[in-house]
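Chain and residue survey
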Amino acid sequence: MPIRILLEGRPGAGKTTALRRLAALLPTHAATGFTTEEIRQSGARVGFALETLAGGREVLAHVDLLGPPRVGKYGVDPGVMDRLALPSLRSAATEEATGRLVLIDELGRMELACTAFRHAVEALFAAEVDVVATVHTQRDPFTDALKRRADIEIVQLTPANRDVLPGKLAARLQQPRTHGGPPSHG
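These remarks concern the structure in this document. (Residues numbered from 1 in each chain as written. Predicted model: local features only at pLDDT ≥ 70, side-chain atom pairs only at ≥ 80, totals over all residues. Heavy atoms only, no water.)

1. Some points on the layout of surface pockets
Quick note on the threshold: Whether a set of points on the 1 Å grid over the protein atoms alone is a cavity depends on a 1.4 Å probe fitting there but being unable to get out, while an open set qualifies as a pocket with protein on both sides within 12 Å along at least five of seven lines; lining residues are those with an atom within 4 Å of a point. Grid points are joined across faces, edges and corners, and a volume is the space filled by probe spheres set on the points. For the purposes of this entry, the term helix denotes a DSSP run of H or I that reaches at least four residues, the term strand denotes a run of E that reaches at least two, and both are numbered from the N terminus. For this scheme, ten residues count as nonpolar: Ala, Val, Leu, Ile, Met, Phe, Trp, Tyr, Cys and Pro. Four count as charged, namely Asp, Glu, Lys and Arg, and the remainder, Gly too, count as polar.
There is about 780 Å³ of room inside the largest pocket. Taken together, 25 residues line the largest pocket, and the ones lying closest to its centre are P11, K15, R45, F48 and E106. Listed by contribution, the elements that provide at least two residues to the lining of the largest pocket are α1 (15-25), β2 (31-41), β3 (44-52), β7 (101-107) and α3 (109-112). A per-element tally of the lining of the largest pocket places α1 first, with four residues. Taken together, the residues of the lining of the largest pocket sort by class into six nonpolar, nine polar and 10 charged.

2. Topic: the environment of H29
As for its position among the elements, H29 is in the loop between α1 and β2. Distance from H29 to A54, taken between C-alpha atoms, is 8.3 Å for residues 25 residues apart in sequence.

3. Structural notes on the nonpolar core
Note the cut-off: Throughout, nonpolar core names a set of buried Ala, Val, Leu, Ile, Met, Phe, Trp, Tyr and Cys residues whose side chains join them through atoms within 4.5 Å. With a 1.4 Å probe rolled over the protein chains alone, any residue whose accessible area is under 20% of its type maximum counts as buried; one over 50% counts as exposed, and the rest are partly exposed. The contact rule is simple, with two residues in contact once any of their heavy atoms fall within 4.5 Å.
By size, the foremost hydrophobic cluster in this structure holds 36 residues, and its most contacted members are I104, L107, F117 and L124. Take this core: its biggest share by element is eight residues, from helix α2 (residues 78-94). When residues no more than four places from it in sequence are discounted, the contact partners of L107 are L6, L112, F117, V121, A133, T134, V135, H136, T143 and L146. Of all hydrophobic cores here, the second largest spans 17 residues; its members include I5, L19, A31 and A170.

4. Details of the pairing of β7
Along a regular strand, successive side chains alternate from one face of the sheet to the other. Put simply, the test is: Pairs of strands are assigned from DSSP output, requiring at least two bridges between the strands.
Among the seven residues in β7, seven count as buried, and that is most of the element. Across four bridges, β2 lies against β7 in parallel orientation. Looking at the pairing, G33 lines up with L103 of β7. Bridge analysis of β7 against strand β8 (residues 130-136) gives five bridges, and the strand direction is parallel. Bridge pairing in β8 places V102 opposite V131.

5. Observations regarding the pairing of β3
Of the pairings in the sheet, the one linking β2 to β3 comprises eight bridges and is antiparallel in character. Bridging from a neighbouring strand, T36 pairs with L50 of β3. Counted between consecutive antiparallel strands, the loop separating β2 from β3 contains two residues, among which S42 sits at a positive phi close to 50°. Alignment of β3 against strand β4 (residues 57-62), held across five bridges, turns out to be antiparallel. Residue pairing for β4: F48 is matched across the bridge by A61. Connecting the antiparallel pair β3 and β4 is a turn made up of four residues, with G55 showing a positive phi of about 105°.

Spatial relationships are all this shows, so hold off on functional conclusions.
Written out as structure tokens, the structure reads:
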């Protein structure tokens, strides 16, 4: 049975940092997916960039983008999701992906503004692939539905555990497992 983990944390808890550390602890090319990063100018946050684990990077949201869609003060470019995030997510969900790991940072309002991304995430959670995704603590119909699924483990990420959690997750994800057996609770 695939491992499906939602790393849930408040803004600033270190979700992106934890996911990047997890990716760095895994063997090269063991995972696919993306992270997001704040764009700052003169100390102020002005946007977010999306960066694939393969190294592609583009501006996902920015105060200077008009949108639509808009999330708060940011205009979002859904084309970034189409060009960078979706190809690896779709291939992981549709190909023979036993043992494959997908890392997603994050299942947030900007990313979920892209309908095709929501569909790709649903396909991933239906496939035989391991998924670790970061998610905010605030309520959202899409993420609330994922959090209610019996096959999903919610792990709270806090400043107190963010430094040790990536190592624990990496060790767990690299343990040999038999697919189709009972889930591991280690």
